[in-house]
Amino acid sequence: MYSGEIEVQAKRKALAVLQDESSKLVNAARSLLSAYTMMLNEDSKGVHSSMERIKGIEEEIESLRRKITMDVYEIGSLMVNREELLRTIYLIDEIAGYMSGIAFRLSVLRADIFNGIDKDVQSLLDLLLDEIFKLNEMARALSVNPMVVIDISPTVQRLEKQIDEKYRALVVRGLNNFTDSRDLILLKDVLDGIEGIADKCLDASDHMIILALNM
């Protein structure tokens, strides 16, 4: 088999893994929304079930990441853009880890901590799901029409900015409304995690743009 054929096959496999990872990430984000809703409803079993689903998805994504890393390593320098592909795949893995951490924190939080800000946090999570959904669209476009990736990227940037603005506003409200330091720390951990995911999604989007420009 020619080296060119090996590279093409490896790139297709890596893109397929990236698409599979990003699809799983959408499911994890939906489960995170479910965990939040169930936490507000004081449904501890439901929260735990959602947390386990997210943890399972995280493990699946990690397994995919390890496998494709070995495949790319074996091909070595024959594969162009391997660094950008691997960086993007690793970022998806990191995002799944963030989600698992947020779900765990939700499982130990009291619903009344979100009194007065529950709808704002819901809005924040909705924006995050939208951003992850757009990231999934970008991953799928890479193997079909790479230029679509560039068209979608401004939406990801806009959503990240909206999440950042809402995050800052919620942190300020938390500082003003909470006197219990434990409650504030736990709440800020959740908000920090959401904002961190948004940043990682933007980073992944930037790497996908580089991939699209080189295809």
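In what follows, the accompanying structure is described. All values derive from a computational prediction rather than experimental measurement. (Residues numbered from 1 in each chain as written. Predicted model: local features only at pLDDT ≥ 70, side-chain atom pairs only at ≥ 80, totals over all residues. Heavy atoms only, no water.)

## Some words on the nonpolar core
Here comes step 1: By size, the foremost hydrophobic cluster in this structure holds 69 residues, and its most contacted members are M99, L106, F114 and I132.
Here comes step 2: Taken together, the elements giving at least two residues each to this core come down to α1 (3–40), α2 (44–75), α3 (82–108), α4 (118–141), α5 (146–177) and α6 (181–213).
Here comes step 3: No other element matches α6, which puts 14 residues into this core.
Here comes step 4: The residues contacting M99, other than those within four sequence positions of it, are L25, A28, A29, L32, I54, I132 and I197. (Core = buried A, V, L, I, M, F, W, Y, C linked by side-chain atoms within 4.5 Å. Buried < 20%, exposed > 50% of the residue type's maximum accessible area, 1.4 Å probe, protein only. Helix = DSSP H or I, 4+ residues; strand = E, 2+ residues; numbered from the N terminus. Contact = heavy atoms within 4.5 Å.)

## Structural notes on the packing of α4 against α6
Here comes step 1: Relative to each other, α4 and α6 sit at 20°, their axes nearing to 10 Å. Judged by the angle between their axes, α4 and α6 are roughly parallel. Two packed elements cross with a definite hand, and for α4 against α6 that hand is left-handed. Judged by residue contacts, V121, L124, L125, L128, E131, I132, L135, M138 and A139 of α4 engage L191, I194, I197, A198, C201, L202, A204, S205, M208 and I209 from α6.
Here comes step 2: Its residues assigned to classes, the contact of α4 with α6 shows 17 nonpolar, one polar and one charged. (Axes fitted to C-alpha atoms, helices over the stretch in contact; angles between N-to-C directions. Parallel < 35°, antiparallel > 145°, perpendicular 65-115°, else oblique. Left-handed = near helix turned anticlockwise from the far one by under 90°. Nonpolar A, V, L, I, M, F, W, Y, C, P; charged D, E, K, R; others polar.)

## Quick word on the packing of aromatic side chains
Here comes step 1: One pass over the full model with this rule turns up one aromatic pair.
Here comes step 2: Centre to centre, the rings of Y36 and F114 are 5.4 Å apart; their planes meet at 80°, and the pair counts as edge-to-face. With Y36 in helix α1 and F114 in the loop between α3 and α4, this residue pair connects regions lying 78 residues apart in the sequence.
Here comes step 3: When its relative accessible area of 1% is taken as the criterion, Y36 is described as buried. (Phe/Tyr/Trp six-rings, centres within 6.5 Å; stacked < 30°, edge-to-face > 60°.)

## Notes on the pattern of salt bridges
Here comes step 1: Taken as a whole and assessed by the stated rule, the structure comprises 10 salt bridges.
Here comes step 2: R168 is the salt-bridge partner of D164, the closest N and O atoms lying 3.1 Å from each other. Pair noted here: D164 and R168 are both in helix α5, with a separation of four residues, about one helical turn.
Here comes step 3: Judged by relative accessible area, D164 falls into the buried class, the value being 15%.
Here comes step 4: Take R168: its relative accessible area is 55%, and that puts it in the exposed class. (Salt bridge = Lys/Arg side-chain N within 4 Å of Asp/Glu carboxyl O.)

Just geometry here; none of it tells us what the structure is for.
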